[in-house]
Amino acid sequence: MKNEILTPNYRQLDWYKRRTAFIHFTVNTFTGNEWGDGTESPEIFNPTELDCEQWIKALVDGGFTNAILTAKHHDGFCLWPSKFTEHSVKNSPYKNGKGDIVKEFVDACHKYGIKPGLYLSPWDRNFKEWGTEKYNEYYANQLTELMTNYGPIYECWWDGAGSTEACYDWERWVKIVRENQKDCVIFGSLGATEFVDVRWVGNELGKAADNCYATIDASSLETETGPELFCGKKDGERFIPAECDMSIRPGWFYHEEQDALVKTPVELTKYWFTSVGRNCGILLNIPPDKRGLFCERDIESLNRWNERINDIFKENLLKDIDLSGLTDDFVIDYKFDMPQKINCVRLEEDIAFGQRINDFKVETLSNGEWKTVCDGKVIGNCYARYFDTVTAEAIKITASSDDNPVLKFVGAFYADEAYFVESFENDEIFDLTKLPSAKIIHNKTEVEIEFGGIFPFNTVIIEGEKLPYFEVFAFNGSQYESVYFGVDSSEHEVCQFKLIEGSYKIKIVSYDCAGFNENAKISVFKR
């Protein structure tokens, strides 16, 4: 008996067409923190040249269709003059307290054809009774302001940071969104799982699994289980596709010292292939600086990236292929009039009918010999891969399906190899604890180090401390994961482990009751 093929709702179908930007902007921009603690004075929030139209015009030029603004981050500071708190832009120097950045953002989006979304952090470190029924009421009031005063909103973004133990009134909050913004996509997990349209991919690196199903079991979202968020599940009980979030800089908020670390067009091109090209969606963060503007380097990188993506797919070498009437097991053979260079393939199912193809491969014929250039289990909305250039006389796509496959696009392309092969690794080895944005927090039995951005690392060195038993943990975006366990350390203990591709903090825990020496020197870097 065949399993039911799950299909997307109309909001998800629209979401698949998007390229979405995230805009992180709050008091953290002025303190240098990534997570504020809620004690920041509104007086520090003073962008001197804020121009939301500059943001949105840059996004249009970068090929974006949607944008999400952090109306309130974990620090609780509101970018609109909420009636329910004094911790907002109304008590800042910006426009002498008369500003409303949410309105300026939404107005700019409408003017230039971008669909706006809003992030209202469930975690609020400023609200003294956070996590109580009083907070649920407070949050509902703020959410109502945002959902009723600013016109159409197309995505409501709820993350799980700081909120695993909270008892939120999700049903009430969802009702506010659905009654006022019926077309609004809801992103979320944990207690909101029952109501969400889109899920987190399980990392902040912009990467989905090679085979990433849009279907998944609800339990994986309820517990934020990383591996299944990353891969989905072939016969999962819900259709909830993954959104791949990443920042154009190591940090989610602007830090001047990261101006030289803006992701290159090559990194962004690879990001497109590991998100959209893996049946997922894009959510790329671009943080305004203290002026209230996107930095010129960020804009230049966005523009060059968009130009490259357009250039890669401008000429499909497969002409006039009939995709109607495909059987459950099918082969598409295409012979070129003359040999063609190929280094990229793109396939698309009509996702309105669900994910039907469950196994496929693409082969090219060169000098009488067939070679597999890519294969997989998931096509979904979009499958795209780049590979070493081959000169092909023919191309063959072989696939099997559960039930009446519905392919809507097949393409083979040749793009400038520099779009993919330019090195974006930083050859300079530096200690992440020496970054100006780094914070080292000592407790009796542990040390936590926040980097102020997302960085790769695989080595921790502990000097000046002998630890009988200790463990190193890396934060994966929702929780800490163990990466190294040590026994009887030396005074110069080198802890090497599998590369962590990106994390913004680590924790070292001593299991010795004597505690952790505050004078111990700790270094973290990629070797």
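Residues numbered from 1 in each chain as written. Predicted model: local features only at pLDDT ≥ 70, side-chain atom pairs only at ≥ 80, totals over all residues. Heavy atoms only, no water.

1. Section: the packing of aromatic side chains
Defined as follows: Aromatic rings from Phe, Tyr and Trp, with only the six-membered ring used for Trp, were paired whenever their centres fell within 6.5 Å, and each pair was classed as stacked if the ring planes differed by under 30 degrees, edge-to-face if by over 60, and tilted otherwise. Only runs of H or I of at least four residues qualify as helices and only runs of E of at least two qualify as strands under DSSP, and these elements are numbered from the N terminus. Classification of residues uses two cut-offs on accessible area relative to the type maximum, computed with a 1.4 Å probe and protein chains only: under 20% is buried, over 50% is exposed, and between them is partly exposed.
Scanning all chains against the criterion turns up 43 aromatic pairs. Between Tyr119 and Trp157 the ring centres are 5.4 Å apart and the planes differ by 80°, which places this aromatic pair in the edge-to-face class. Of the two residues, Tyr119 sits in strand β3 (residues 115-120) while Trp157 sits in strand β4 (residues 155-157), which places them 38 residues apart along the sequence. According to the relative accessible area criterion, Trp157 is buried, its value standing at 6%. Taking the centre distance of 4.4 Å and the plane angle of 10° together, the rings of Tyr386 and Phe420 count as stacked. Linking Tyr386 in strand β14 (residues 383-401) with Phe420 in helix α11 (residues 418-421), this pair joins segments that are 34 residues apart in sequence.

2. Let's talk about the sheet that holds strand β12 (residues 357-366)
Selection rule: Pairs of strands are assigned from DSSP output, requiring at least two bridges between the strands. A fitted line through C-alpha atoms represents every axis, and for helices the fit uses only the stretch in contact; the resulting angles, taken between N-to-C directions, go from 0 to 180 degrees. By definition, residues are in contact when any of their heavy atoms lie within 4.5 Å.
Here we have 5 strands laid out as an open sheet, ordered β13-β12-β14-β11-β15, and antiparallel in their pairing. Lying at the two open borders of the sheet, with one neighbouring strand each, are β13 (369-376) and β15 (407-413). Taken over all neighbouring pairs, the strand axes of this sheet differ in orientation by 30° on average, direction set aside. Pairing of β12 with β14 involves 8 bridges; the strand directions are antiparallel. Bridging across to β14, Leu365 finds its partner in Ala394. Sitting on the sheet, helix α9 (residues 265-275) is in contact with β11 (329-349) and β14, with an inclination near 20° to β14.

3. A short note on a negative patch on the surface
What counts, and what does not: In this analysis, a patch consists of residues with relative accessible area above 30% that form no salt bridge, clustered at 9 Å for like charges and at 5 Å for the nonpolar side chains Val, Leu, Ile, Met, Phe, Trp and Tyr. Reported accessibility uses the Shrake-Rupley method at a 1.4 Å probe radius. Residues are deemed covered only where the shown protein chains occlude them. Throughout this description, the term salt bridge denotes a Lys or Arg side-chain nitrogen within 4 Å of a carboxyl oxygen of Asp or Glu. Charge counting treats Lys and Arg as positive and Asp and Glu as negative, with His and both chain ends excluded. For the purpose of locating charges, the reference atoms are NZ of Lys, CZ of Arg, CG of Asp and CD of Glu.
There is a patch of like negative charges on the surface, built from Glu171, Glu194, Glu222 and Glu237. The residue Glu171 is located in helix α6 (residues 170-180) in this model.

4. Things to note about the environment of Asn46
Structurally, the position occupied by Asn46 is in the loop between α2 (28-31) and α3 (52-61). Between the alpha carbons of Asn46 and Gly292 there is a distance of 8.6 Å; along the sequence they are 246 residues apart. Discounting residues that sit within four places of it in the chain, Asn46 has contacts with Phe30, Pro93, Tyr94 and Lys290.

5. Focus: a nonpolar patch on the surface
A grouping of Tyr469, Phe485, Val487 and Tyr511 is seen on the molecular surface, where their side chains present a nonpolar patch of about 420 Å² in accessible area. The residue Phe485 is located in strand β19 (residues 480-487) in this model.

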